[in-house]
Amino acid sequence: MKLSTWFGCSSWLPQYNREWLASDLVAAVVVTIMLIPQSLAYALLAGLPAQVGLYASMAPLLAYAVFGSSRAMAVGPVAVASLMSAAAAGQFAQGNMELFYQASVVLAFIGGGVLIALGLLRAGFVANLLSHPVVGGFVSASALLIAVGQLGSVLGVSAKGETFFQTVMALLKNFAQFDVATALIGALALLWLWAARKWGKNVLKGFGLKGLTLEIVFRAAPVLAIVMSIVAVSLLQLSSVRTVGAIPTDLPGLFFPSLEFSRWADLFVPAVLIALVGFVETVSVGHALAAKRKQRIDPNQELLGLGAANIASGVFGGYSVTGGFSRSVVNFDAGAQTPMAGVFTAGGILLATLFLTPLLTNLPHATLAATIIIAVLGLIDWHLPGMLWRYSKRDFLAYLLTVIVVLVAGVEAGIIAGVVFSILALLAAISKPHMAVVGQVPGTEHFRNEKRHKVTMVDGVVSVRVDESLYFPNARWLEDALLEVATQKPETKAMVLQCNAINHIDASALESLEKIDENLQAMGITLYLSEVKGPVQDQLLNSHWYATIQNRIGLTHLETVERAKVS
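Calculation criteria
- Residues numbered from 1 in each chain as written.
- Predicted model: local features only at pLDDT ≥ 70, side-chain atom pairs only at ≥ 80, totals over all residues.
- Heavy atoms only, no water.
- Helix = DSSP H or I, 4+ residues; strand = E, 2+ residues; numbered from the N terminus.
- Buried < 20%, exposed > 50% of the residue type's maximum accessible area, 1.4 Å probe, protein only.
- Pairing = 2+ DSSP bridges.
- Contact = heavy atoms within 4.5 Å.
- Salt bridge = Lys/Arg side-chain N within 4 Å of Asp/Glu carboxyl O.

A. Structural detail: unusual backbone geometry. A positive phi is found at Arg122, a non-glycine position, where the angle reads about 55 degrees. With respect to the helices and strands, the residue Arg122 is situated in the loop between α6 (97-120) and α7 (132-155). According to the relative accessible area criterion, Arg122 is partly exposed, its value standing at 35%. With phi around 55 degrees, Lys294 is a residue other than glycine that occupies positive phi space. Considering the arrangement of structural elements, one finds Lys294 in the loop between α13 (268-292) and α14 (299-315).

See below:
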């Protein structure tokens, strides 16, 4: 096994130079400024103490730098994984906070182990199991669920619920009890963060800022919101405002959950779901960023990198992490050349943990909630539903079903429903593929659908094209469809099956082809095959039917039709 199969850093570390060092340091400064408030906020979203978010933002970056393949990926706590972790740990712990924390760490361990196992099996293709409509619907619905769930913290009221509608009802029920000071801080933070995201860069450019200075100041908007809210709470002594309280400055020691192994099995399914969703997001972001620099990422290496990052997070008392979209884009835009930028970012988070956390005692939950709301609303692709509706009703239904189930039944049920629907829809499409009776385009050797083109038909010969590989779901359909064509054209003496779109024939479909051949022979019709691909012909060579059909297989469709016409 090659060294690069284990260590992704082997592709860039030997060539590391001063130019890359300078770029990585600059990117680390920008990302660190962004990551500190995000890490605190996402830990609270996951139902954990704020410092756990900092723990999950250090060791994972180091592990990914060693094992990952993306040059610009920034791993750490993200909104959707935090929500999923909170839901799974909450259901497991049933109100026991110590058990809740243990479960959160176990989810990271299990997810990391599963990803590493898949990476060693070279199973990067699992990213394809979650279609874009399902992931889009899941992220959009989760963002709405997160945003509504954080409104309670913005207003200073209790608004807890397992589903979107339960949370909304709890919010409405307790709305009259909102705290004026908390609501004011939360509203001002929301307004500031929204305005900064929408107009911040243009305003700063108007003041002459550009380059690195522009990026740092722009990314510091959440930091300014935090500073101002802490000052307000401290100076005005707003005792009614809920704050994060004292945050330990101790470094996280090595940690292993005390939860019995027998109970780890109860967390296996949600851990796998969190890991797979995180992997899909990581690979999607990684491919997009790598393409901009004409680089590439290896999905199998990403499995190892993300798995190692989650194990590292668990070892140091953190929770599930993944490659974040926003922070990775910021890392890329800030000029990160290698994962060493993540190593430097981890150092920045370490310094913040040691020296800055005592200053965050009076940080309002409302400010962190506002940070989360603005961040997750940016994840929603508002144009996706309309595009899917116009392009593919099946994909739109997968998107819509995922959104509805997430909002009604929760995140795990939503993603499972979306995946199951997509698989069933795919099987339904395969079970009845497109088929066309084709004729020759005058003056050419091409054959096209008689319903779409002006074509000429050969007397006594019917040509049929099936635009799908032949598997057990469509084997019986193939029998019925070809025999129906034969009965509709009683003058037929030969049928030519054009196989240029058939990439595979399984055993069930092979048996169906034999039956079709026998039934057509009984009707006085000879079956021919044309344009059979090499791998399919290899399959047929290994079947006993090949001895029967081999003299009726033609290289081109025109040649086969001519042979069938004179036979």
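That covers the picture; the talk isn't over yet.
B. Quick peek at the sheet that holds strand β4 (residues 447-449). Read across the sheet, 6 strands follow the order β4-β3-β5-β6-β7-β8 without closing on themselves; strand pairing throughout is mixed. Two strands bound the open sheet, and with one partner strand each, they are β4 and β8 (553-554). Direction of pairing for strand β5 (residues 461-466) relative to strand β6 (residues 494-498): parallel, over a ladder of 5 bridges. Bridging from a neighbouring strand, Val461 pairs with Ala494 of β6.

C. A look at the pairing of β5. In terms of burial, β5 is a largely internal element, 6 of the 6 residues being buried. Because side chains alternate across β5, one face comprises the buried residues Val461, Ser463 and Arg465, and the other comprises Val462, Val464 and Val466, equally buried. Across 4 bridges, strand β3 (residues 435-440) lies against β5 in antiparallel orientation. Along β5, the bridge assignment pairs Met435 with Val466.

D. Up close: the side chain of His365. Following the sequence through the fold, His365 ends up in helix α17 (residues 365-377). Apart from the residues lying within four places of it in its own chain, the contact partners of His365 are Leu44, Ser153, Arg242, Thr243 and Val244.

E. Examining the pairing of β3 more closely. Most of β3 sits out of view: 5 of its 6 residues are buried. Alignment of β3 against β4, held across 3 bridges, turns out to be antiparallel. Across the sheet, Gln440 pairs through a bridge with Phe447, a residue of β4. The hairpin turn running from β3 into β4, its antiparallel successor, is 6 residues long, and Gly443 in that turn takes a positive phi close to 80 degrees.

F. Structural view of the pattern of salt bridges. Applying the stated criterion to the full structure yields 9 salt bridges. Taking the shortest distance from any N to any O, the salt bridge between Arg465 and Asp467 comes out at 2.7 Å. Residue Asp467 is classed as partly exposed on the basis of its relative accessible area of 28%. The partner of Lys515 in a salt bridge is Glu511, with the nearest N and O atoms 3.8 Å apart. Placement of both Lys515 and Glu511 in helix α22 (residues 507-522) is noted, with a separation of 4 residues, approximately one turn of the helix. We classify Lys515 as partly exposed; its relative accessible area is 37%. Accessibility expressed as a relative area gives 45% for Glu511, which makes it partly exposed. A single salt-bridge network, built from bridges that share partners, covers Lys201, Glu215 and Arg219.

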